[in-house]
Every structure is written in C-alpha cells, then in structure tokens.
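# Remarks on the overall topology
Spelled out from the first residue to the last, the chains are:
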Amino acid sequence: MKINSFNYNTLLFFLVRCLFIGICFNNLIIISKLDSWISILIGIIISIFPLSLYYYINSKYPSLNIYEIINNNFISSLLSIFVFFFSASSYWNIINFISSQFLYKTPDILISLLFITSIIYINYKGLKTILRVSTMLFYVTVLLFLLSFIGLIIQTDLENLMPVFMSSNKEIILGSMHLIAYNTLPLFMLLVIPKDYIKIDIKSNLFMFVFASFMIFAYCFLVLSIYGIDIATLLHFPEFHVFKRLTLMGFVKRLENIFSVQWAFDYFIFISFAIYFICQNPLLKKFKFNYIVISLLLVITSNNMFSSNTVGYNFTLKYLPYFIYLFFLLLPIHLSIKKDTNSI
C-alpha cells in the first residue's frame, strides 16, 4: 500500500488543528492571557524538536509501524489505552461544543452516536478512505478559513492586544508547552504508518505543519484583537462566538453555524485516525470488528468520564498535558536512542 504524500499531509493538517478549539485555546487564555499569541509563536518554533524526532524514528525504522518499533505488548497496551482516553477527552470536547452551541435540547449520548456512525464507516473502509475523506475536507476547511479570515481581519483592533508581555515569562512558556502538547505532539500517532508506505516529501510536510499552525495563530489573533482578553475570558468557545460578527453583503447574519463546521471536520478526522491507531495494536488487530467495539466504548466513556464541564476542562488544563508528554515525547525519545527492536 503506497500513500500519496498530499493525502498524508492533509491528515497531518487536521491533527495539528484539532485540539485547539475548546481545549488548547481555553488553556492559553487562562495561562498566557493577552500574550497567548506570543505563546503560539514560541510553541511553533519549539515544535521543530518533536517533529525532527518523529521524522528520525520514521527514517530509522522505515518498514515498521510504532507498535512494531516498541515490540512490547505491555507498553503497546499502555499506549493504546492512553490514546483511547485522550481521544475520549477530545470526543467529549467536540460533543460539548455541538451540544452547547447548536443542539442544547438533544441528549449528548444521541449526538455522540450520530457522530460516531460515520467514523465507524470510514474505519471499516480502512486507512485509504480516512485519507481520501481527509483530503476532501481539507479543501472545504481551507475555504471556510479564508472566507472567515477575510471577513474578520478588517474588524480587528490592535489596541486590544496591548500591552504586550503582561504575562510572566513562565506563563508564556507554559502556554507554549500546552500548545505543543495539544497541537504538535499528537503527530506522534502518524508513526503508525510506516515510512515505506508513504511518498515522503519533507518540504511539503513542513509547509502543511506551518500552514495549520498559522491557522491556529490566526484564530487566537482574531479573537483577542476583536474581543480583547476580558470578553474572550468570559465567553465559552470565544473562537466560535467571533464568527457571529461575520455577515454576507452586510445583512445576511448567523453565519457562525456554517463557518464553525470546520471544527467538526477537525475532530471527525482526528477521532477516526485515533481509532485506526488503536486498532493497529497487535493484540487488537486480530479481531475483525475491533473498530466498532472501540468506537462504541469511546462514546460511552466520553459521556461518563467527567461529572461536569468544569471537571473536564480542569483535567485538560492541569493533568492531561503530562500524560501527552509522557507517551508522545518521552516514549519516542527512548525509541530514538534504543539500538534495536527486540525489546523496548
């Protein structure tokens, strides 16, 4: 199976973008406040290290996926369990977004089941279908981003970004670490696709990462320069509410529903690929309908893992980043320095 480089890059695109809405941006507003945009720029630069690390591992073991590189059932199982709960946290976030902003009278479990149905279907079709859908949604997402950016950039006020460096250096760097955790380190999951399966183009990989990162920066810039930090802090999903300022020809309003669909695309691709990643675990791969069981377990877990939104966002702010760094950074560092694949 040979994977087209552009299709692969669109998957990279969605993995970078996905966890910004609701989770990462919420954390940045709390930690770095008005200097969140600075944290993003610093985080993008620091991301060169984990990106280089992942590329090195892929080049060192070109014919192996990440589970074959680990070659240890216990560690592989821990990794799969973490990706499952990481995905469940992400799934909880997007269902919370859809429920609170659009379908507030619809039970979350029903929204979850409707959303997961399509995810089950493309996992049934396999990786190539996930990549084709990712490529198709990429064009729609870019179009929606460009239209919204053009419509909002004229409404910005740079005075809302002043004064600069009001947060401490520690807070700015901590914000950068959160950005890396949620928007760069998930690219570790791409290692489940052996390099030999991909027509690698490093320049296009890097371009897509920078492009997706620019979008993240743009969302932050638009929210803070239009609303200011005080209003942005009060709003639930401020990156969604800023779309309410968009109009068509000055009189057609309520366009936020159209433009925010791009975030549903982000999570759709992320969750689909996360389930694919888990199913590649050698202990699960032998079961024919593993993706259905994992998908349904994901729905149940995401709807019951947090007793309230406050508990959920507190978890994603204070605890989840540590686990992300453990599995998506410390583990690959170890894999990069080990001598063979006989044992981890």
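For the structure itself, look to the data block above.
Cut-offs applied
- Residues numbered from 1 in each chain as written.
- Predicted model: local features only at pLDDT ≥ 70, side-chain atom pairs only at ≥ 80, totals over all residues.
- Heavy atoms only, no water.
- Helix = DSSP H or I, 4+ residues; strand = E, 2+ residues; numbered from the N terminus.
- Rg over C-alpha atoms; globule rule 2.2 N^0.38 Å.
- Buried < 20%, exposed > 50% of the residue type's maximum accessible area, 1.4 Å probe, protein only.
- Axes fitted to C-alpha atoms, helices over the stretch in contact; angles between N-to-C directions.
- Left-handed = near helix turned anticlockwise from the far one by under 90°.
- Contact = heavy atoms within 4.5 Å.
- Nonpolar A, V, L, I, M, F, W, Y, C, P; charged D, E, K, R; others polar.
- Phe/Tyr/Trp six-rings, centres within 6.5 Å; stacked < 30°, edge-to-face > 60°.
- Parallel < 35°, antiparallel > 145°, perpendicular 65-115°, else oblique.
- Core = buried A, V, L, I, M, F, W, Y, C linked by side-chain atoms within 4.5 Å.
- Patch = residues over 30% accessible without salt bridge, like charges linked within 9 Å, V, L, I, M, F, W, Y side chains within 5 Å.
- Areas by Shrake-Rupley, 256 points an atom, 1.4 Å probe, with all protein chains shown as cover.
- Salt bridge = Lys/Arg side-chain N within 4 Å of Asp/Glu carboxyl O.
- Lys, Arg positive; Asp, Glu negative; His and termini not counted.
- Charge placed at Lys NZ, Arg CZ, Asp CG, Glu CD.

Right, let's talk about the overall build of the protein chain for a bit. From N to C terminus, the protein chain includes 17 helices and 0 strands. Compactness check: the protein chain gives a C-alpha radius of gyration of 20 Å against a globular reference of 20 Å for 344 residues, within 12% of the reference. The principal-axis extent of the C-alpha atoms belonging to the protein chain is close to 60 × 45 × 40 Å. Residues counted as buried form 56% of the 344 residues belonging to the protein chain.

Quick look at the packing of helix H1 (residues 5-17) against helix H8 (residues 127-153) now. Any two packed helices are characterised by the angle at which their axes cross and by the distance between the axes. Axis separation between H1 and H8 bottoms out at 8 Å; the angle between their running directions is 60 degrees. The crossing of H1 and H8 is left-handed. Across from Phe6, Asn7, Tyr8, Thr10, Leu11, Phe13, Phe14 and Arg17 in H1, the residues of H8 making contact are Leu131, Ser134, Thr135, Leu137, Phe138, Tyr139, Thr141 and Val142. Looking at the contact of H1 with H8, its residues break down into 10 nonpolar, 5 polar and 1 charged.

Per the stated rule, a full pass over the model turns up 36 aromatic pairs. When the ring of phenylalanine 207 is compared with that of phenylalanine 211, the centres are 6.2 Å apart and the planes differ by 10 degrees; the resulting orientation is stacked. Here phenylalanine 207 and its partner phenylalanine 211 are both found in helix H10 (residues 202-234), 4 residues apart, which amounts to about one turn of the helix. With a centroid separation of 5.6 Å and an interplanar angle of 45 degrees, the aromatic rings of phenylalanine 306 and phenylalanine 315 are classed as tilted. Here the aromatic cluster, defined as three or more aromatic residues joined through ring pairs, consists of Phe97, Phe145, Phe149, Phe214, Tyr219, Phe237, Phe240 and Trp263.

Another point: helix H3 (residues 36-46). Among the residues of H3, those classed as buried are Ser36, Trp37, Ile38, Ser39, Ile40 and Gly43. On the buried face of H3, the contacting elements are helix H2 (24-31), helix H9 (169-183) and H10.

We now examine unusual backbone geometry. The omega torsion of the bond from methionine 162 to proline 163 falls at -5 degrees, within 30 degrees of zero and hence cis. Considering the arrangement of structural elements, one finds proline 163 in the loop between H8 and H9. Of note in this structure, lysine 33 is not a glycine but carries a positive phi near 55 degrees. Relative to the elements of secondary structure, lysine 33 occurs in the loop between H2 and H3.

The interhelical angle for the contact between helix H6 (residues 73-101) and helix H7 (residues 108-125), taken along N-to-C directions, is 115 degrees, at an axis separation of 10 Å. Here H7 runs roughly perpendicular to H6, going by the angle between their axes. Here H6 runs over H7; the crossing is right-handed. Of the residues in H7, those in contact with Tyr91, Ile95, Ile98 and Ser99 of H6 are Asp108, Ile111, Ser112, Phe115 and Ile116. Taken together, the residues of the contact of H6 with H7 sort by class into 6 nonpolar, 2 polar and 1 charged.

Before going further, it helps to examine the nonpolar core. Looking at soluble globular proteins, one finds that nonpolar side chains tend to be buried together. Phe20, Ile66, Leu79, Phe273 and Phe328 are the most contacted members of the largest nonpolar core, which totals 124 residues. Sequence-distant contacts of phenylalanine 273, defined by excluding residues within four places in its chain, comprise Leu11, Leu15, Leu127, Met189, Leu190, Val192 and Ile193.

So, about a positive patch on the surface. Among the surface-exposed residues, Lys2, Lys128, Arg132 and Lys199 lie close enough to one another that they form a single positively charged patch. With respect to the helices, strands and loops of the structure, arginine 132 is situated in helix H8.

Take lysine 338: it is sitting in the segment after helix H17 (320-337). Distance from lysine 338 to phenylalanine 82, taken between C-alpha atoms, is 22 Å for residues 256 residues apart in sequence.

Next up on the list: the side chain of serine 87. The topology assignment puts serine 87 in helix H6. Once residues within four sequence positions are removed from consideration, serine 87 is found in contact with Phe270, Ile271, Ala274 and Leu298.

On to the environment of lysine 285. For lysine 285, the location among the structural elements is in helix H14 (residues 282-285). The spatial distance from the C-alpha of lysine 285 to the C-alpha of lysine 318 is 33 Å, given a sequence separation of 33 residues. Contacts of lysine 285, omitting those with residues within four sequence positions, involve Cys279, Gln280 and Asn290.

We now examine the pattern of salt bridges. By the definition in use, this model includes 2 salt bridges. One salt bridge in this structure joins arginine 17 and aspartate 266, with 2.9 Å as the shortest N-O distance. One end of the pair, arginine 17, is in helix H1; the other, aspartate 266, is in helix H13 (residues 261-279), with 249 residues separating them in the sequence. An identical accessibility class is assigned to arginine 17 and aspartate 266; each is buried. Taking the shortest distance from any N to any O, the salt bridge between glutamate 171 and lysine 33 comes out at 4.0 Å. Taken as a pair, glutamate 171 in helix H9 and lysine 33 in the loop between H2 and H3 lie far apart in primary sequence, 138 residues in all. The partly exposed category is assigned to lysine 33, whose relative accessible area is 37%.

Distances and angles like these do not, on their own, reveal function.
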